[in-house]
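Chain residues, written in single-letter form:
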2 protein chains.
Amino acid sequence: MSGESALRAEVRRRLDAQTKPPGSLGFLEELVACMAEARGVVEVKVDPVAVVIFAADHGVCVRGVSAYPQEVTRQMVLNFARRGAAASVLARELGVGLTVVDCGVVGGRFVEVPERRGFRFEEARAGEGTTDFLVGPAMSEEQFDGLWDAGRRVALEAIVAGAETLVAGEMGIGNTTSATALACGLGFGDAESLVGRGTGVGEDGVLRKRGVVKESLRRHAPVQPLAGVALMRYWLSCVGGFEMVAMAGFFQAALEARKVVVVDGFIASAVAAAVSIGYPQVSGGFIFAHVSGERGHRVLLERMGVRALLDLGMRLGEATGALVAIPLLRQAAALYCGMATFKTAGVSDSSGLF
Amino acid sequence: MSGESALRAEVRRRLDAQTKPPGSLGFLEELVACMAEARGVVEVKVDPVAVVIFAADHGVCVRGVSAYPQEVTRQMVLNFARRGAAASVLARELGVGLTVVDCGVVGGRFVEVPERRGFRFEEARAGEGTTDFLVGPAMSEEQFDGLWDAGRRVALEAIVAGAETLVAGEMGIGNTTSATALACGLGFGDAESLVGRGTGVGEDGVLRKRGVVKESLRRHAPVQPLAGVALMRYWLSCVGGFEMVAMAGFFQAALEARKVVVVDGFIASAVAAAVSIGYPQVSGGFIFAHVSGERGHRVLLERMGVRALLDLGMRLGEATGALVAIPLLRQAAALYCGMATFKTAGVSDSSGLF
């Protein structure tokens, strides 16, 4: 850790030599320090950016926890491919590609995914959606392991192809309920503080979700105390989604490889929370893109002790919040790399000397 | 106004037809509506973006209100030209040009400004900085008129050259004190709530600034009630800066031409507040980029009843906050123009139909 502190001090020294009052770029300066720490080097680089959306369906949907029918997960995967979704538009605007991973979308294998420039489709199906976690664990150990490894593989392939920054989002009707149960199980809050409206259920839907989350926590209360990787695995398997487990593996591999990881909204943050418990030594590499309009997100981030870059009331998922934050990373890095110093520019610093 | 409401309703209808839960892009959807209203048409377009930094010096500097010596204003103009300043780096990163207007920087006319690609220098000098406003009005009526017209001209030239979005920032050692007095004079707060640390004075500096602002308000208390354009002109002339008056003219011309205007930090917001009093009928076209780390900014925006896009604790001025916000405008516009609808994408909406 003393190495990390020396790194941070060097970043601070460089920032303070630049032609601006010390600290006047605010959180952008902190962002530079975070990226340097994630990378383990004083140089910061954002591009190439790899954006991956993990998609899967959720057995808990039968409990009426979503405003949308389950087939929307499948329809949206095709919408990503046809480049009509919000994430597609943002990825195009940023000049980055989009990869969608089918981790288990209901309706069988995709055979008709159109090939488009800037879009890649991958298959890592663990089944036709998770088991309803009020009936049993959402998935088996074997499913967990397969998804975790698939997520790791997707991250490693992106890194080998050159990615400096990795972004993950998700698509899965019903997954705010699953993510809420996960965050509660891991100890980041309770059903009262974390359950929100998701994609837009009404007050009765919120009550229903709250009931489902509470029931799932009772049902899966561990018989012995768990910690670290075991705790992470337990709750991800019991109440998580296929897409969340793959995302967790993706995060872990990216952090381990010392890359910057940008976390999207509530669901991705719950997964990041799980990875932080399993792998605390690398969790400093997470950058939280935004605090979403989903009620529990602000609570979750506070409990995790982290600060998000944006607060725009977005609540769409599918990596959109993370994509909107990418220009801030680019700008922070550009300022850090491109500004003149007081000395080179011949500008007086606050002491009147330079 | 009924026309504006119909416009907003049409924007909402288009946004709600897109493949996302209604309102799930949060404040980005409001941003689209604001841009449409500013433009007076349902189509939204962000680029080309014109970025102008108005620079001038302040007589009130003799009161010891800044952490930096006055010559820094001049040095920073040259730093903009040499593309080493934060604003230069951000403009380059965004692919937009930067214009700097000398409205009266101490040290005489610039003769040595380097010509660089993406940088333009303009001269609109009203003198060697303002008069110390504890001694008299900061400027004469003639100076005000010349600067207002110069600002208008800069905006009109940019619009004729194609600009769809206009951004203004400032550079002027001592100008947070001037902007604070302006905001107080206009009725947006008092010295206690609005005076902050500027570029970084200590607690004694804050007390000194507070004393200067209070004294300026006593000295220039109007002998008769003023409103509208007269109120705007009065306080801008008495306690404003040359760069602020030019920026006010720039804002007014851009809004009148139905362009989107992006307001930077505390000083630009105080100028926007003045223009909102003078020209309330067009002030809906302002987009406030960020709430800065300068203490009074949050108070000022609240009193104006507006919300800013970013909250990153930046406090550098020189249009940097506005430049950091430009990608959000671009992304909001791209989503609005580029997303599929439920119908075209074959995605079920929340009713299960489309």
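Before reading further, recall that the structure is shown in the block above.
Every chain is numbered on its own, with residues counted from 1 as its sequence reads. Working convention: letters from A go to chains and numbers from 1 go to ligands, in the order in which they are written. Selection of residues for local features in this predicted model requires a pLDDT of at least 70, selection of side-chain atom pairs for listing and counting requires 80 or more, and totals for whole chains, interfaces and linings are taken over all residues. Water and hydrogen atoms were dropped before computing side-chain values, which therefore reflect all heavy atoms in the structure.

Turning our eyes to something else, we now look at the state of the cysteines. Cysteine sulfur pairs qualify as disulfides if the two atoms are within 2.5 Å. Enumeration over the complete set of coordinates arrives at 0 disulfides over all chains. The cysteine Cys34(B) is free of any disulfide, with Cys337(B) supplying the nearest cysteine sulfur at 16 Å.

Any Phe, Tyr or Trp ring, taking Trp's six-membered ring, that has another such ring centre within 6.5 Å forms a pair; planes under 30 degrees apart are called stacked, those over 60 apart edge-to-face, and the others tilted. One pass over the structure, following the stated rule, counts 16 aromatic pairs over all chains. The interplanar angle of 65° and the centroid separation of 5.5 Å between the aromatic rings of Phe110(A) and Phe121(A) together place this pair among those described as edge-to-face. Within this pair, whereas Phe110(A) is found in the loop between strand S2 (98-104) and strand S3 (119-123), its partner Phe121(A) is found in strand S3, the two being separated by 11 residues in sequence. Between buried and exposed lies partly exposed: a residue is buried under 20% and exposed over 50% of the maximum accessible area for its type, with that area taken using a 1.4 Å probe on protein chains only. The exposure class assigned to Phe110(A) is buried, which follows from its relative accessible area of 6%. Judged by relative accessible area, Phe121(A) falls into the partly exposed class, the value being 23%. Geometrically, the ring pair formed by Phe250(B) and Phe251(B) is tilted, given 6.3 Å between the ring centres and 55° between the ring planes. Phe250(B) gets classed as buried once you look at its relative accessible area, which sits at 0%. Assessed through its relative accessible area of 0%, Phe251(B) is described here as buried. In this structure an aromatic cluster arises from ring pairing among Phe54(A), Phe250(A), Phe251(A), Phe286(A) and Phe288(A). Stacked on the ring of Phe27(A), the Lys or Arg Arg307(A) has its end atom at 4.1 Å from the ring centre. Each helix is a run of H or I in the DSSP string that is no shorter than four residues. Each strand is a run of E no shorter than two, and both are numbered from the N terminus. Note on criteria: charge over ring means Lys NZ or Arg CZ within 6 Å of the ring centre, with the direction from the centre no more than 35 degrees off the ring normal.

All right, on to the layout of surface pockets then. Where empty space is left in the structure can be found by rolling a water-sized probe over the atoms. Throughout, the protein atoms alone are placed on a 1 Å grid, and a set of points is a cavity if a 1.4 Å probe fits but cannot get out or a pocket if it is open with protein on both sides within 12 Å along at least five of seven lines; lining residues have an atom within 4 Å of a point. Grid points are joined across faces, edges and corners, and a volume is the space filled by probe spheres set on the points. The computed volume of the largest pocket comes to approximately 450 Å³. Of all the elements in the fold, those that place two or more residues in the lining of the largest pocket are helix H12 (295-304) of chain A together with helix H12 (295-304) of chain B. Note that Gly is not counted as nonpolar here; it falls among the polar residues with everything else outside the nonpolar set of Ala, Val, Leu, Ile, Met, Phe, Trp, Tyr, Cys and Pro and the charged set of Asp, Glu, Lys and Arg. Looking at the lining of the largest pocket residue by residue, the classes come out as 12 nonpolar, no polar and 8 charged.

With that out of the way, let us pick up the pattern of salt bridges. Residues and elements named next belong to chain A. Every case where a carboxyl oxygen of Asp or Glu lies within 4 Å of a side-chain nitrogen of Lys or Arg is listed as a salt bridge. Under the criterion given, the structure shown has 50 salt bridges over all chains. The salt bridge partner of Lys20 is Glu29, with a shortest N-O separation of 2.9 Å. You can call Lys20 buried: its relative accessible area is 2%. Measuring nitrogen to oxygen at the nearest pair gives 2.6 Å for the salt bridge that ties Arg63 to Asp132. In this pair, Arg63 sits in the loop between strand S1 (49-56) and helix H3 (71-81) while Asp132 sits in the loop between S3 and helix H5 (141-160), placing the two residues 69 residues apart along the sequence. A relative accessible area of 9% means that Asp132 is categorised as buried. Taken together, the salt bridges that share partners define one network made up of Arg12, Asp16, Lys20 and Glu29.

Expressed as a screw transformation, the operator carrying chain B onto chain A has a rotation angle of 180° and an axial translation of 0.0 Å, and the superposed copies differ by an RMSD of 0.0 Å. Taken together, the rotation angle and the small translation identify this as a two-fold axis. Mapped onto chain A, 100% of the interface residues of chain B again fall at the interface, so both copies present the same surface. The copies were overlaid by least squares, fitting only the C-alpha atoms of residues that reach a pLDDT of 70 or more in each copy. By the convention used here, residues are in contact when the closest approach between their heavy atoms is within 4.5 Å.

Within the secondary structure layout, Lys20(B) lies in the loop between helix H1 (2-16) and helix H2 (27-39). Within the structure, the side chain of Lys20(B) is placed 3.0 Å from the backbone oxygen of Leu15(B), a separation counted as a polar contact. In this structure, Lys20(B) is in contact with Tyr68(A), Leu316(A), Leu15(B), Leu25(B), Glu29(B), Met339(B) and Phe342(B), ignoring residues within four places of it in sequence. Under this definition, polar contacts are N or O atom pairs within 3.5 Å; protein pairs additionally need one hydrogen-donor-capable and one acceptor-capable atom, and for neighbouring residues in sequence, both atoms have to be side-chain atoms.

Of the residues lining the interface, 56 residues belong to chain B; the matching set on chain A comes to 56 residues. Buried area between chain B and chain A, both sides added, is near 4300 Å², and the carbon and sulfur share of it is 61%. Two parts placed together each lose some accessible area under a 1.4 Å probe, and the buried area is that loss summed for both. It is Tyr68(B), Leu312(B) and Gln331(B) in chain B that bury the most area against chain A; as a group they hold 14% of the surface buried on that side. At the boundary of chain B and chain A, one finds 0 salt bridges. Broken down by secondary-structure element, the contributors of at least two residues to the side of chain B that touches chain A are H2, helix H3 (71-81), helix H4 (86-94), helix H13 (320-338) and helix H14 (342-345) of chain B. Looking at the side of chain B that touches chain A, its residues break down into 31 nonpolar, 15 polar and 10 charged.

A word on the nonpolar core. Formed by 221 residues in total, the largest nonpolar core has its most connected members in Leu28(A), Phe251(A), Leu309(A), Leu28(B) and Leu309(B). Aside from chain neighbours lying at most four places away, what touches Leu28(B) is Leu312(A), Met314(A), Val324(A), Leu328(B), Ala332(B) and Leu335(B). With 76 residues, the next largest nonpolar core counts Ala158(B), Val263(B), Phe286(B) and Leu301(B) among its residues. In this description, a nonpolar core means a group of buried Ala, Val, Leu, Ile, Met, Phe, Trp, Tyr and Cys residues linked to one another through side-chain atoms lying within 4.5 Å.

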